[in-house]
Amino acid sequence: MKSSGSFERRFGKYAIKNLSLVLIICYGVGYIFQWMYPAFLSYLYLNPYEIVYHGQIWRLVTWLIVPPSGFDFFTLLMLYFYYSLGTTLERTWGTYRYNVYIFSGVLFTILGAFLLFAYTLIFKESSQTAAQLWVLWGGFGTFPFLAAMFSTFYVNMSIFLAFASTYPNMQVMLFFLIPIKIKILGIIYGALLVFQFLTGTIADKIIIAASLMNFIVFFITSRGKVHMSPKQAKRRQEFRREVKKTTKSTRHKCAICGRTDETNPELQFRFCSKCAGNYEYCEDHIFTHTHVKTNDNQQF
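No experiment lies behind these values; they were computed from the predicted model shown.

Caption draft 1: Just the overall build of the protein, in detail. In terms of regular secondary structure, the protein is built from 13 helices and four strands. When contacts within the protein are restricted to residue pairs at least 6 apart in sequence, long-range pairs at least 24 apart make up 59% of them. About 18,200 Å² of surface is accessible on the protein, with carbon and sulfur atoms providing 65% of the total.

Next up, the structure:
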């Protein structure tokens, strides 16, 4: 817990706010390419073959803008649905933790792609099926079918599963008509994923496991579970924002070195109960400073 808090203090300022909107914008760019020049998308896929043998390292990032499906009205509804879920999770968990969840899903997907690529390399000589998989990477100028399977589709699904675990009793309108608790949808979707994993090919198993590993870690640790409604989470976020705004002028400052929580946010500050007056010290000087006397304001 302490280690996690330390990471958040150090790297929390780099977290991307409203990350769900950023992902939607990336999809928008991908749909523009899909509409204007569909063949260009083949240069954006997460394709380990092209990365390893042709040095196309940009694919480690550009696959994030490849749309998970074709563009239609239903796609717009789904994107708005996932945007709403992601925004609510960010309000509940905080920007930093939500960033960690999404980017860990991205990282696990990349690792899964290279794991499947390694599998095809190892077994391509001894198995005709594996040799065909090797062709599907686009190694001989064919369409990179396996690379196209590694998309943000399952990463988006992990957002839905995380939301269902965080707010299991929240109701949604299925087909805009049928009220149903989101945990029911989560259970149904989870069962379908398990079925696909058990009956699918080795490629399906690796893709599903890698893309949803962030949710698996989340579910095991259960750190993301809260017992509040989305409205309560929003009010809590607004309350924290107001408290931060009103207390912004109150800084923690070390009486010895002069460092503050603004210049060194990684430090912890404490008041000394043995000093006369309100003397505050950083963690480096709280146990090493000379105490201030009563009355004469001298140190001993």
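Caption draft 2: Up close: a nonpolar patch on the surface. A contiguous nonpolar patch, built from Val 52, Tyr 53, Leu 121, Ile 122 and Phe 123 and spanning about 470 Å² of accessible area, is present on the exposed surface. At the level of secondary structure, the elements contributing two or more residues to the nonpolar patch comprise α3 (48-54) and α6 (95-123). It is α6 that provides the largest number of residues to the nonpolar patch, a total of three residues. With respect to the helices and strands, the residue Ile 122 is situated in helix α6.

Caption draft 3: Geometry of unusual backbone geometry. Although it is not a glycine, Asn 18 adopts a positive phi angle of roughly 55°. Mapped onto the elements, Asn 18 comes out in the loop between α1 (2-11) and α2 (19-36).

Caption draft 4: Region of interest: empty space enclosed by the protein. Evaluated as defined, the whole model comprises two cavities of 30 Å³ or more. As a volume, the largest cavity reaches approximately 60 Å³. Surrounding the largest cavity, Ser 20, Leu 23, Ile 24, Tyr 27, Leu 79, Tyr 82, Tyr 83, Asn 156 and Ile 159 form its lining. Counting only elements with at least two residues in the lining of the largest cavity, the list comes to α2, α5 (73-93) and α9 (153-166).

Caption draft 5: Layout of the side chain of Asn 47. Along the chain, Asn 47 turns up in the loop between α2 and α3. Within the local environment of Asn 47, its side chain forms a polar contact with the backbone nitrogen of Tyr 49, the two atoms lying 3.1 Å apart.

Caption draft 6: Just the nonpolar core, in detail. Among the nonpolar cores identified, the biggest contains 50 residues, and Trp 137 and Phe 160 are the most heavily contacted of them. Of all hydrophobic cores here, the second largest spans nine residues; its members include Leu 267, Cys 272, Tyr 281 and Cys 282.

Caption draft 7: Quick look at the environment of Met 170. If you trace the backbone, Met 170 turns up in the loop between α9 and β1 (171-174). The class of Met 170 is partly exposed, set by a relative accessible area of 31%. Considering only alpha carbons, one finds Met 170 and Lys 181, eleven residues apart in sequence, at a separation of 5.5 Å.

Caption draft 8: The arrangement of the packing of α9 against helix α10 (residues 182-199) in detail. At a minimum axis separation of 9 Å, α9 and α10 run at an interaxial angle of 140°. Overall, the two elements α9 and α10 adopt an arrangement that is oblique. For the crossing formed where α9 meets α10, the hand is left-handed. Counted together, Phe 153, Tyr 154, Met 157, Phe 160, Leu 161, Phe 163 and Ala 164 of α9 and Ile 182, Leu 185, Gly 186, Tyr 189, Leu 193 and Gln 196 of α10 form the full contact between these two elements. When its residues are assigned to classes, the contact of α9 with α10 shows eleven nonpolar, two polar and no charged.

Caption draft 9: Examining the confidence of the model for the protein more closely. Per-residue pLDDT for the protein has a mean of 78; in total, 77% of the residues score no lower than 70. Averaged pLDDT values for the elements of the protein fall to 58 in helix α13 (residues 230-246) and rise to 92 in helix α4 (residues 59-62).

Caption draft 10: Structural view of the packing of α6 against helix α11 (residues 202-211). Their axes nearest at 7 Å, the elements α6 and α11 cross at an angle of 160°. Judged on the interaxial angle alone, α11 and α6 are roughly antiparallel. When you trace α6 past α11, the crossing you get is right-handed. On α11, the residues touching Gly 105, Phe 108, Thr 109, Gly 112, Leu 115, Leu 116 and Tyr 119 of α6 are Ile 202, Ala 203, Ile 206, Ala 210 and Ser 211. Of the residues assigned to the contact of α6 with α11, the class counts are eight nonpolar, four polar and no charged.

Caption draft 11: Looking closely at α9. With 14 residues, α9 extends 20 Å between its outermost C-alpha atoms, agreeing within 8% with the 20 Å of an ideal straight helix rising 1.5 Å per residue. Counting buried positions along α9 gives 13 out of 14 residues, so the element sits mostly inside the fold.

About the thresholds
Residues numbered from 1 in each chain as written. Predicted model: local features only at pLDDT ≥ 70, side-chain atom pairs only at ≥ 80, totals over all residues. Heavy atoms only, no water. Helix = DSSP H or I, 4+ residues; strand = E, 2+ residues; numbered from the N terminus. Contact = heavy atoms within 4.5 Å. Areas by Shrake-Rupley, 256 points an atom, 1.4 Å probe, with all protein chains shown as cover. Patch = residues over 30% accessible without salt bridge, like charges linked within 9 Å, V, L, I, M, F, W, Y side chains within 5 Å. Salt bridge = Lys/Arg side-chain N within 4 Å of Asp/Glu carboxyl O. 1 Å grid on protein atoms, 1.4 Å probe; cavity = no way out; pocket = protein on both sides within 12 Å on 5 of 7 lines; lining within 4 Å. Points joined across faces, edges and corners; volume = space filled by probe spheres on them. Polar contact = N/O pair within 3.5 Å; in protein donor to acceptor, adjacent residues only side chain to side chain. Core = buried A, V, L, I, M, F, W, Y, C linked by side-chain atoms within 4.5 Å. Buried < 20%, exposed > 50% of the residue type's maximum accessible area, 1.4 Å probe, protein only. Axes fitted to C-alpha atoms, helices over the stretch in contact; angles between N-to-C directions. Parallel < 35°, antiparallel > 145°, perpendicular 65-115°, else oblique. Left-handed = near helix turned anticlockwise from the far one by under 90°. Nonpolar A, V, L, I, M, F, W, Y, C, P; charged D, E, K, R; others polar. pLDDT = per-residue confidence, 0-100. Expected span 1.5 Å × (residues − 1).

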